[in-house]
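Residues per chain are reported as follows:
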Protein chains: 2
Amino acid sequence: MDAALVAAPRPKGDVDALVRLAKDDMAAVDALIIARMQSDVPVIPMLAEHLISAGGKRLRPLLTVAAARAIGAQGDIAAATKLAASVEFIHTATLLHDDIVDGSEMRRGKVAAHLIWGAASSVLVGDFLFARAFELMVETDSLRALGILATASSVIAEGEVLQLTRAHDLNLDQATYLQIIRAKTAELFAAAAESGAVGAGATEEQVKALRDYGMALGIAFQLADDALDYGSDTATLGKNAGDDFNEGKATLPLLLAVQRTKGKEDLFWDRVITKGERTPEDFARARELILGTGAVEATLDAAGDYADRAKAALSVLPASDWRSALEDLADFAVSRAA
Amino acid sequence: MDAALVAAPRPKGDVDALVRLAKDDMAAVDALIIARMQSDVPVIPMLAEHLISAGGKRLRPLLTVAAARAIGAQGDIAAATKLAASVEFIHTATLLHDDIVDGSEMRRGKVAAHLIWGAASSVLVGDFLFARAFELMVETDSLRALGILATASSVIAEGEVLQLTRAHDLNLDQATYLQIIRAKTAELFAAAAESGAVGAGATEEQVKALRDYGMALGIAFQLADDALDYGSDTATLGKNAGDDFNEGKATLPLLLAVQRTKGKEDLFWDRVITKGERTPEDFARARELILGTGAVEATLDAAGDYADRAKAALSVLPASDWRSALEDLADFAVSRAA
């Protein structure tokens with residue numbers, strides 16, 4: 001076998017280097033998040049904290065401060081810090097609303113907020129956090145950064161609606177699938193990095209590089225996420241494995257498996273996705289078909305390509321620990337699925 | 001009887017004068033609203049148009065352009081026009097979300113959007129319109145106006161959550177009731193007028209006057225609205241009469257009637273509001289008690305006081321047709337209940 005035809009193993013990547021570098025900056029972001037989610041109406045900080053304190057890696061605000069540092073910003077980065085907190089508020093607001101839209105039961109390893117406080121409170125606290133995000137952005141005096149995050153917010157909502165209207169659609173083409181994940185996920189990664197660069201006074205070339213990095217990273221991240229829904233288990237995922245399947249979401253692993261079992265499993269896919277008539281055993285069967293056809297691997301390969309694009313975009317930035325850590329993050333977005 | 005103790009009949013007021021004066025300005029606002037609610041995702045403009053084309057009087061954006069004109073702005077008022085469209089987007093977003101929160105079945109004389117397109121789409125299209133509002137505001141280059149409307153948005157959400165957590169609460173004090181209607185309704189009226197003034201380059205004294213006017217007008221408007229829910233019928237209202245009752249909302253007419261029938265109707269109120277065990281006949285009984293105790297009249301009296309405050313706030317503005325029309329609008333906010 002020709003050695004060139006055997007794919008080199010992908011670098012594992014790492015988020016720890018970035019987390020370590022950004023420790024002080026993220027402590028400032030966290031303090032701001034806590035301070036600005038307060039309200040005299042007790043259920044608001046309670047509900048917000050349920051989700052925000054569950055944490056996760058705070059990838060998006062991490063991108064905002066890392067973008068500022070990667071272009072060489074030293075000392076206090078007040079604008080990027082505020083923009084980072086705004087990004088996390090926007091992200092939290094979309095999670096609160098998505099969990100209602102999807103009827104999700106778990107989020108970040110905890111019971112979803114709408115199941116504890118009700119959908120009404122989740123809708124309204126999402127709105128509150130969204131508005132607080134814009135209040136914070138106003139304080140940066142950067143209309144440009146504000147415009148970037150406002151546009152990202154409308155694009156995210158469009159992506160979510162598009163996904164909703166195309167759920168259960170086995171004929172979804174890959175271009176539309178890509179359009180959906182760009183909008184619902186990658187746009188905020190792109191805007192997070194771009195606004196951090198803008199807030200720190202980056203050159204136009206650097207702003208574009210960081211936006212491109214964020215966009216490619218976000219796509220890689222979502223592709224890996226969609227692979228994880230069939231390739232991982234609930235404990236690793238922090239949300240229910242099979243959620244996408246149970247919502248009938250037409251994600252890439254599913255679309256590839258449907259294509260690769262054409263003429264053989266059409267009735268199964270039609271029943272469980274198009275008609276939405278699922279028994280508890282169907283997820284195991286779908287998973288078997290998706291893994292068996294190599295659809296998860298193919299999805300992760302596509303994620304790897306976007307991770308490479310993300311890394312390539314960083315080449316115009318000065319070499320630094322921050323740039324290296326952002327490169328490692330791109331690989332990590334894919335390898336965390338393994 | 002001492003003549004001084006007989007209340008003079010309130011002026012009827014009028015919204016037509018303002019609508020006529022603002023005809024061209026509002027045509028520009030409407031065109032902008034239609035242009036900016038477009039999206040490649042078809043359900044978004046469809047759902048948004050369902051609500052926006054049903055129209056109503058567009059009172060809030062009307063306030064924004066009227067504020068600009070009332071301080072003497074001539075010719076093109078591009079910033080105020082964009083802010084007015086933003087205000088309508090924010091208002092529409094909150095209506096979409098509120099109708100989900102309240103489970104309302106009608107809005108502006110039409111079936112509520114969430115019953116046609118589903119709650120998920122209503123949540124997401126609300127988010128989309130909210131984001132579009134901020135995109136539009138960025139174009140005005142006025143960070144101050146943007147901050148005013150961002151703060152209004154978070155205050156509205158707080159007010160809605162507060163109302164939600166205090167529904168079914170017969171012990172709600174009038175101060176908290178007032179806090180709720182200030183936040184959920186009057187704050188956007190205030191911000192609409194204030195931002196229009198700011199966008200048109202008003203003096204600080206004028207900005208404050210128009211904010212105070214909007215706040216008092218909004219309170220009058222909501223008090224009258226709460227009275228209407230018991231004092232009017234569904235056809236006049238454009239939404240279901242008795243909605244507040246059926247949601248167990250502790251509004252002023254209800255709170256006053258509970259207080260005025262203390263020791264006589266406690267079991268009835270406890271059952272229908274606190275416990276929420278309502279039969280279809282209970283609304284008629286509640287309406288009878290509320291009208292019989294003069295609670296609707298007392299609520300309208302309070303609305304009249306705020307209308308007077310609104311008019312008084314305008315005294316620092318130069319006399320003009322616009323100022324007169326705003327004065328008439330304050331009276332109209334109360335008299336439309338009659």
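Quick notes on the rules
- Per-chain numbering applies: the sequence of each chain, read as written, is numbered from 1 onward.
- All chains are assigned letters beginning with A, and all ligands numbers beginning with 1, in the order in which they are written.
- Selection of residues for local features in this predicted model requires a pLDDT of at least 70, selection of side-chain atom pairs for listing and counting requires 80 or more, and totals for whole chains, interfaces and linings are taken over all residues.
- To get the side-chain values, all heavy atoms of the structure are used, and hydrogens and water are removed first.
- Strands are runs of DSSP state E lasting at least 2 residues, helices are runs of H or I lasting at least 4, and numbering of each runs from the N terminus.
- When we talk radius of gyration, it's over C-alpha atoms, and the globule rule is simply 2.2 Å times the number of residues to the 0.38.
- Throughout this description, buried means an accessible area under 20% of the type-specific maximum (1.4 Å probe, protein chains only), exposed means over 50%, and partly exposed covers the range between.
- Should any heavy atoms of two residues lie within 4.5 Å, those residues are counted as being in contact.
- Note that accessible areas follow from Shrake-Rupley with a 1.4 Å probe, and for residues the cover is restricted to the protein chains shown.
- Note that His is not counted, nor are the chain ends; the positive residues are Lys and Arg, and the negative ones are Asp and Glu.
- Every charge is mapped onto a representative atom, which is NZ of Lys, CZ of Arg, CG of Asp or CD of Glu.
- For this document, the term salt bridge refers to a Lys or Arg side-chain nitrogen within 4 Å of an Asp or Glu carboxyl oxygen.
- For any pair of parts, buried area is found by adding up, for both, the accessible area (1.4 Å probe) each one loses once the two are put together.
- Pairs of N or O atoms are called polar contacts if they sit within 3.5 Å, as long as, within protein, a hydrogen donor faces a hydrogen acceptor (for residues adjacent in sequence, only side-chain-to-side-chain pairs).
- Charged residues are taken to be Asp, Glu, Lys and Arg, nonpolar residues to be Ala, Val, Leu, Ile, Met, Phe, Trp, Tyr, Cys and Pro, and polar residues to be all remaining types, Gly included.
- Here a patch means residues that are over 30% exposed by relative accessible area and free of salt bridges, tied together within 9 Å if like-charged and within 5 Å if nonpolar (Val, Leu, Ile, Met, Phe, Trp, Tyr).
- To get an axis, fit a line to the C-alpha atoms, keeping to the stretch in contact for a helix; angles then go from 0 to 180 degrees between the N-to-C directions.
- For this classification, under 35 degrees means roughly parallel, over 145 means roughly antiparallel, 65 to 115 means roughly perpendicular, and everything else is oblique.
- Two helices cross in a left-handed way if the nearer one is turned anticlockwise from the farther one by less than a right angle. They cross in a right-handed way if the turn is clockwise.
- One fewer than the residue count of a helix, multiplied by 1.5 Å, yields its expected span.
- The least-squares superposition of copies is restricted to C-alpha atoms, and to residues with a pLDDT of at least 70 in both copies.
- What we call a nonpolar core is a set of buried Ala, Val, Leu, Ile, Met, Phe, Trp, Tyr and Cys residues that are connected through their side-chain atoms within 4.5 Å.
- Directions drawn from the helix axis to the C-beta atoms are what define this arc.
- Within 6.5 Å between ring centres, the rings of Phe, Tyr and Trp (the latter by its six-membered ring) count as paired, and their orientation is classed by plane angle as stacked under 30 degrees, edge-to-face over 60, tilted in between.
- In our convention, an over-ring charge means Lys NZ or Arg CZ found within 6 Å of a ring centre and within 35 degrees of that ring's normal.

In terms of regular secondary structure, chain A is built from 17 helices and 2 strands. For 338 residues, the compact-globule estimate of 2.2 N^0.38 gives 20 Å, and chain A sits close to it at 20 Å. Dimensions of chain A, computed from C-alpha atoms along their principal axes, come out at roughly 60 × 55 × 30 Å. Residues classed as buried in chain A amount to 61% of the 338 residues present. The contacts in chain A between residues at least 6 apart in sequence include a share of 76% that link residues at least 24 apart. Total accessible area on chain A stands at roughly 12900 Å², and carbon and sulfur atoms take up 52% of it. For chain A, the distance from the average position of its 34 positive side-chain charges to the average position of its 49 negative side-chain charges is 1 Å.

Looking at the element boundaries, B:Leu317 is found in the loop between α16 (295-313) and α17 (321-335). Distance from B:Leu317 to B:Leu210, taken between C-alpha atoms, is 8.9 Å for residues 107 residues apart in sequence.

Further remarks concern the pattern of salt bridges. Residue and element names in this part refer to chain A. Counted by the stated rule, this structure contains 52 salt bridges over all chains. Glu 187 is the salt-bridge partner of Arg 211, the closest N and O atoms lying 3.3 Å from each other. In this pair, Arg 211 sits in helix α10 (residues 204-231) while Glu 187 sits in helix α9 (residues 174-199), placing the two residues 24 residues apart along the sequence. Taking the relative accessible area as the measure of exposure, Arg 211 reaches 23% and is therefore partly exposed.

All right, on to the interface of chain A and chain B then. On the chain B side, the residues contacting the 37 residues of chain A number 37 residues. Buried surface at the junction of chain A and chain B, summed over both partners, amounts to about 3200 Å²; 79% is from carbon and sulfur atoms. In terms of surface lost to chain B, no three residues of chain A exceed A:Leu124, A:Leu143 and A:Glu158, which account for 20% of the buried area on that side. Run the count over chain A and chain B and you get 0 salt bridges. Linking chain A with chain B are 8 residue pairs in polar contact (both at pLDDT 80 or more). With 14 residues, the top contributor of residues to the side of chain A that touches chain B is helix α8 (residues 143-166) of chain A. For the side of chain A that touches chain B, the per-class residue count stands at 20 nonpolar, 9 polar and 8 charged.

Turning our eyes to something else, we now look at a nonpolar patch on the surface. A cluster of nonpolar side chains, contributed by A:Val111, A:Leu115 and A:Ile116, occupies part of the molecular surface with about 260 Å² of accessible area. Its place among the elements puts A:Val111 in strand β2 (residues 110-111).

On to the packing of α8(A) against α9(A), then. All names here are of chain A. At a closest axis distance of 8 Å, the pairing of α8 and α9 adopts a crossing angle of 165°. Relative to α9, the element α8 lies roughly antiparallel. The two elements α8 and α9 cross, and the hand of that crossing is left-handed. Mapping the contact onto sequence places Arg 144, Ala 145, Ile 148, Leu 149, Ala 152, Val 155, Ile 156, Gly 159, Glu 160, Leu 162, Gln 163 and Arg 166 in α8 and Thr 176, Gln 179, Ile 180, Ala 183, Lys 184, Glu 187, Leu 188, Ala 191, Glu 194, Ser 195 and Val 198 in α9. Of the residues assigned to the contact of α8 with α9, the class counts are 12 nonpolar, 5 polar and 6 charged.

All names here are of chain A. In this model helix α4 (residues 59-70) runs 15 Å from its N-terminal to its C-terminal C-alpha over 12 residues, within 8% of the 16 Å that 1.5 Å per residue would give. A large share of α4 lies buried, amounting to 12 of its 12 residues. Turning to α4, its buried residues number three or more, namely Leu 59, Arg 60, Pro 61, Leu 62, Leu 63, Thr 64, Val 65, Ala 66, Ala 67, Ala 68, Arg 69 and Ala 70. The inward-facing, buried residues of α4 abut α1 (16-21), α2 (23-36), α5 (78-102), α9, α10 and α17 (321-335). In the segment just after α4, Gly 72 is the residue with positive phi, at about 100°.

What follows deals with the relation of the copies chain A and chain B. For the pair chain A and chain B, the relating rotation is 180°, the translation along its axis is 0.0 Å, and the fit reaches an RMSD of 0.0 Å. Overall, the copies show the geometry of a two-fold rotation axis. Both copies share a contact surface, since 100% of the interface residues of chain A are interface residues in chain B too.

The subject of this paragraph is the nonpolar core. Formed by 247 residues in total, the largest nonpolar core has its most connected members in A:Tyr213, A:Trp269, B:Tyr213 and B:Trp269. Contact partners of A:Tyr213, with chain neighbours within four places excluded, come to A:Leu63, A:Ala310, A:Lys311, A:Ala313, A:Leu314, A:Leu326, A:Leu329 and A:Ala330.

Residue and element names in this part refer to chain B. Here helix α2 (residues 23-36) is 14 residues long and its end C-alpha atoms lie 20 Å apart, about the 20 Å a rise of 1.5 Å per residue gives. Restricting attention to buried positions, one finds in α2 the residues Asp 25, Met 26, Val 29, Leu 32 and Ile 33. Angularly, the buried residues of α2 cover 115° about the axis, an arc narrow enough to put them on a single face. Those residues of α2 that are exposed and aimed more than 90 degrees away from the buried face are Lys 23 and Asp 24. Buried residues in α2 make contact with α3 (43-52), α4 (59-70), α5 (78-102), α7 (119-138) and α17.

This part covers unusual backbone geometry. Phi angles above zero are rare outside glycine, and A:His168 is one such case at about 65°. Residue placement: A:His168 occurs in the loop between α8 and α9. Phi at B:Asp141 is positive, roughly 65°, even though this residue is not glycine. Within the element layout of this structure, B:Asp141 appears in the loop between α7 and α8 (143-165).

On to the packing of aromatic side chains, then. Throughout the structure, instances matching the rule amount to 12 aromatic pairs over all chains. Consider the rings of A:Tyr230 and A:Phe283, whose centres lie 6.0 Å apart with planes at 35°: the pair is tilted. Highlighted residues: A:Tyr230 in helix α10 and A:Phe283 in helix α15 (residues 282-292), separated in sequence by 53 residues. The pair formed by A:Tyr230 and A:Phe283 is uniform in burial state, with each residue classed as buried. Aromatic rings pair up to connect A:Phe130, A:Phe134, B:Phe130 and B:Phe134 into one cluster. Here the guanidinium or amino end of B:Arg278 rests over the ring plane of B:Phe245, the centre of that ring lying 5.9 Å away.

Before going further, it helps to spend a moment on the side chain of A:His50. Residue and element names in this part refer to chain A. Along the chain, the position of His 50 falls in helix α3 (residues 43-52). Judged by relative accessible area, His 50 falls into the buried class, the value being 13%. Contacts of His 50, omitting those with residues within four sequence positions, involve Lys 110, Val 111, Ala 113, Ile 116 and Trp 117.

On to the environment of A:Val258, then. Residue and element names in this part refer to chain A. On the secondary structure map, Val 258 appears in helix α13 (residues 252-260). Val 258 sits in the buried class, given a relative accessible area of 8%. The spatial distance from the C-alpha of Val 258 to the C-alpha of Ala 200 is 46 Å, given a sequence separation of 58 residues. Not counting residues within four places of it along the chain, the set of residues in contact with Val 258 comprises Leu 170 and Trp 269.

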